[in-house]
Structure formats: structure tokens, C-alpha cells
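Per-entry structural report
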Amino acid sequence: MAARRRRVANRWRRQARRFGITALFVAVAAGLWHFQERELRDGLSWQGVTTWQELTPLSFHRVLRNDGFLVGWSDVRVNPLWVSYLLHDVEDPNAGPRPGFQRDWRALWPISPDSYFGSGYDRGHLAPNYAIAAVHGSAAQRDTFLMSNMSPQRPDLNRRLWQRLEEVVMDRFVPRFGTLQVITGPVFPASFRDNVLNRVGLVEVPEAFYKILVVPGEEPRALAFLMPQRVAGDESLDDFLVSIDELEARTGLDFFPQLPEAAAVALEAEVETAGWGLEAVARLPGRF
DNA sequence: TTTAATGT
């Protein structure tokens, strides 16, 4: 009788030890994953990964790590709230042929490549095809065609004004400064009714789009644009300059959470165009 | 320098 009780107790002890070892292994593996993931994210962002100022259902998002860029994906708005990437000067910039749009299976909702069909909106890249492909290669280029990198854009914005801005960034600013951190994304209407109803299928339609350019360094400089959906397309780019503070107020995001307060004030409070040579490129004609 | 994308 006593021998049998001892056998049972021993079996339980062995089970407990086995469970403990498994739990320890899982904890260590999760810790290693977390540490490595944080390193990889930090390598794709300047002064910290963009996050919300206050956590609400509309500001909640999760970070999708792609080849060459990060996406702050919202399953509530069914949009990227921001994308973040680095561009640097390359010898012979060129991109392969456009690989075609793909569903992103990490998204909660089924957003297929044809889900904008007949809506009157373009599948607008946030992380751009050409610049990402030229700097980060063809695997990164394929990732820019994931539907998690798209937001509904009016054709006159996407193909004209926004395209001109993307071209100036890659062809003028990147060679001029060597390295550029870019954060870009949509701005949504304040009206809850629009948030719920103004959608292409499941995808909420933004009212505007922002793009932030930062030249990293001891004394970083930044330029920020806010462009509405309805544009003619041939406007001067400097018509759309805003401060980063204004974009943080409109989006509820903190774009550079590790930037010290004094540096943030210097960089974000005012529109400062000195040194960018914007006047020379603000009216360059579109490609299409 | 076809770096945007639709609809056929």
C-alpha cells in the first residue's frame, strides 16, 4: 500500500519536473523572440517605433514587420495607421516589374486584392513600390504589394500629387541627404458615423494622408506633409506643409517615442523648410 | 528613367 502511494507520488513529481522544464523553455524562447523582434523593429525606425498617445479601440494597432518596413496595422479601421522605413542613397536605383497585389494573412479580415473593385478608389501604396524596391530589393518590393500596405486613395491624389511627392523624396531628398527616415499613413474623419459607414467593403476611407521625412543625425531636420483626398494633382507640394505636432494631434500617434522632449519640441512644433531646397522641386510635373 | 493604377 505504502509502496504504491510512493510510486504515484514519484510519477507526479516527474510530471511536475517535466512541466517545469517545458515552461522554462517556453519562457526563454519567448524572451529571446521578444528581444530579437525589438532589435529588428528598432533597426527599421528612428527614435523608437511609432505608437499611440492614448490606448483606445480606434488607436489600437499591432506592428507587422515586413522586409524593409514596419506597418502599424489596425483591424478596427482595417487600414495601416502608419508605415515606417529608411531610405538610403544607392548607386544605380532601379526596381523590377510590379509583382501584383497580395492578401496579407496576418490581417484579421479578408482583404483580397480585388476588394477595392469598382469603388472609385485606388489601392494606394503607403510604403512605396519604387523606393522600397530600389533600396531594399525585390523581397521588400513584394511586401509593399500586401493589402496591409494599402489605403483607399482618390486617383488624382495617388497617381499625381502623391506620386510627385514620392518621386521627389527618392530622386531629390535621398541623394541630397544620404539617409531619410519616412513615416507615412492615413488621417481619418473625426465623425464616428464616417468611421463606421464610409468604407470600401470593410476598409475605412481616410480623409487625408500624411508623410513625415526626417534626416537623422545630431541635429535632425524634418519635413511633414498632409494631403487631402480631393486634389487636382498639379498643386505645389509646399501648399501641404504642416508641423509634426499637427499630425500627432490629427492621428493620436506618437511618431518618435524615444525622442527626448527638448529635441521633440525643436523638431515637431514648427514647419522648418530651410535646407531642403523644396522650392526647386515643389512644382515638378507628374509622371502620369 | 513606365517610380501610379484601373479595367479590358
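Fair warning: this is a prediction, and the values are worked out from it, not measured in the lab.

A full pass over the atoms with the stated rule returns 8 aromatic pairs. Note on Trp52 and Phe60: the rings are 5.7 Å apart at their centroids and 35 degrees apart in plane angle, and the pair reads as tilted. Overall, the relative accessible area of 22% leaves Trp52 in the partly exposed class. According to the relative accessible area criterion, Phe60 is partly exposed, its value standing at 41%. Taking 4.9 Å as the distance between ring centres and 65 degrees as the angle between the ring planes, the aromatic pair formed by Phe177 and Trp276 counts as edge-to-face. Of this pair, Phe177 sits in helix α4 (residues 155–177) while Trp276 sits in the segment after α7 (261–268); the two residues are 99 residues apart in sequence, bridging distant segments of the chain. Looking at Trp276, the relative accessible area reads 0%, which means it is buried. Of the aromatic side chains, those joined through ring pairs into one cluster are Trp46, Tyr210, Phe255 and Phe256. The side chain of Arg123 reaches across the aromatic face of Phe101, ending 3.7 Å from its centre.

Right, let's get into the protein's contact with DNA strand B. Lining the immediate environment of DNA strand B, one finds 15 residues, of which Arg98, Arg123, Asn158, Asp171 and Phe288 sit closest. Across the atoms of DNA strand B situated within 4 Å of the protein, the share located in sugar and phosphate is 57%. Within the contact set of DNA strand B, a phosphate oxygen lies 2.3 Å away from a side-chain nitrogen or oxygen of Arg98. In the environment of DNA strand B, a sugar or linking oxygen lies 3.5 Å from a nitrogen or oxygen atom belonging to the side chain of Asn158. At the level of elements, β5 (122–125), α2 (129–136) and α4 are the ones that each hand at least two residues to the surface near DNA strand B. Here the surface near DNA strand B takes 5 residues from α4, the largest share from any one element.

Counting residues in each nonpolar core, the largest one holds 51 residues, and the members touching the most others are Leu87, Phe173, Phe225 and Met227. Sorting the residues of this core by element identifies β3 (70–74), β4 (79–88), α2, α4, β7 (179–187), β10 (208–215) and β11 (221–228) as the ones contributing at least two each. In contact with Phe225, other than residues within four places in its own chain, are Leu165, Phe209, Tyr210, Lys211, Leu213, Leu237, Phe240, Leu241, Val242, Leu247 and Leu278. In terms of nonpolar packing, the next biggest core, distinct from the first, is built from 26 residues, Trp46, Val187, Ala208 and Phe256 among them.

This part takes up the UniProt feature "domain: ENPP1-3/EXOG-like endonuclease/phosphodiesterase" (unreviewed entry) in chain A. UniProt records the feature "domain: ENPP1-3/EXOG-like endonuclease/phosphodiesterase" (unreviewed entry) at residues 66–262, using the numbering of this structure. Segment residues 66–262 splits into 27% helix and 27% strand. End C-alpha atoms: 32 Å apart.

Along the chain, the position of Val63 falls in strand β2 (residues 62–65). Sequence-wise, Val63 and Val83 are 20 residues apart; in three dimensions their C-alpha atoms are separated by 9.3 Å. When sequence neighbours within four positions are dropped, the list of residues in contact with Val63 reads Arg41, Val49, Leu70, Val71 and Trp82.

Before going further, it helps to examine the sheet that holds β3. Taken in spatial order, the 6 strands of this open sheet run β2-β3-β4-β7-β10-β11, and their pairing is antiparallel. Each having just a single partner strand, β2 and β11 make up the two edges of the open sheet. For this sheet the average axis-to-axis angle between neighbouring strands, irrespective of direction, equals 15 degrees. Sheet topology places β3 next to β4; 5 bridges connect them, and they run antiparallel. Paired with Gly72 across the two strands is Trp82, which belongs to β4.

So, on to the pairing of β4. Burial analysis of β4 places 8 of its 10 residues in the buried class, which makes it a mostly covered element. Between β3 and the antiparallel strand that follows it, β4, lie 4 residues; Val78 among them carries a positive phi value of about 55 degrees. For β4 and β7, the ladder comprises 6 bridges, and the chain directions are antiparallel. Its bridge partner lying in β7, Ser84 is registered against Ile183.

Our next topic: unusual backbone geometry. Phi angles above zero are rare outside glycine, and Gln47 is one such case at about 60 degrees. Its place among the elements puts Gln47 in the loop between α1 (2–43) and β1 (51–52). One non-glycine residue with positive phi stands out, namely Val78, at about 55 degrees. The residue Val78 is located in the loop between β3 and β4 in this model.

Criteria and cut-off values
Residues numbered from 1 in each chain as written. Chains lettered and ligands numbered in written order. Predicted model: local features only at pLDDT ≥ 70, side-chain atom pairs only at ≥ 80, totals over all residues. Heavy atoms only, no water. Phe/Tyr/Trp six-rings, centres within 6.5 Å; stacked < 30°, edge-to-face > 60°. Buried < 20%, exposed > 50% of the residue type's maximum accessible area, 1.4 Å probe, protein only. Helix = DSSP H or I, 4+ residues; strand = E, 2+ residues; numbered from the N terminus. Lys NZ or Arg CZ within 6 Å of the ring centre and 35° of its normal. Near = heavy atom within 4 Å. Polar contact = N/O pair within 3.5 Å; in protein donor to acceptor, adjacent residues only side chain to side chain. Core = buried A, V, L, I, M, F, W, Y, C linked by side-chain atoms within 4.5 Å. Contact = heavy atoms within 4.5 Å. UniProt positions renumbered as here; feature names shortened; annotations may be inferred. Pairing = 2+ DSSP bridges. Axes fitted to C-alpha atoms, helices over the stretch in contact; angles between N-to-C directions.

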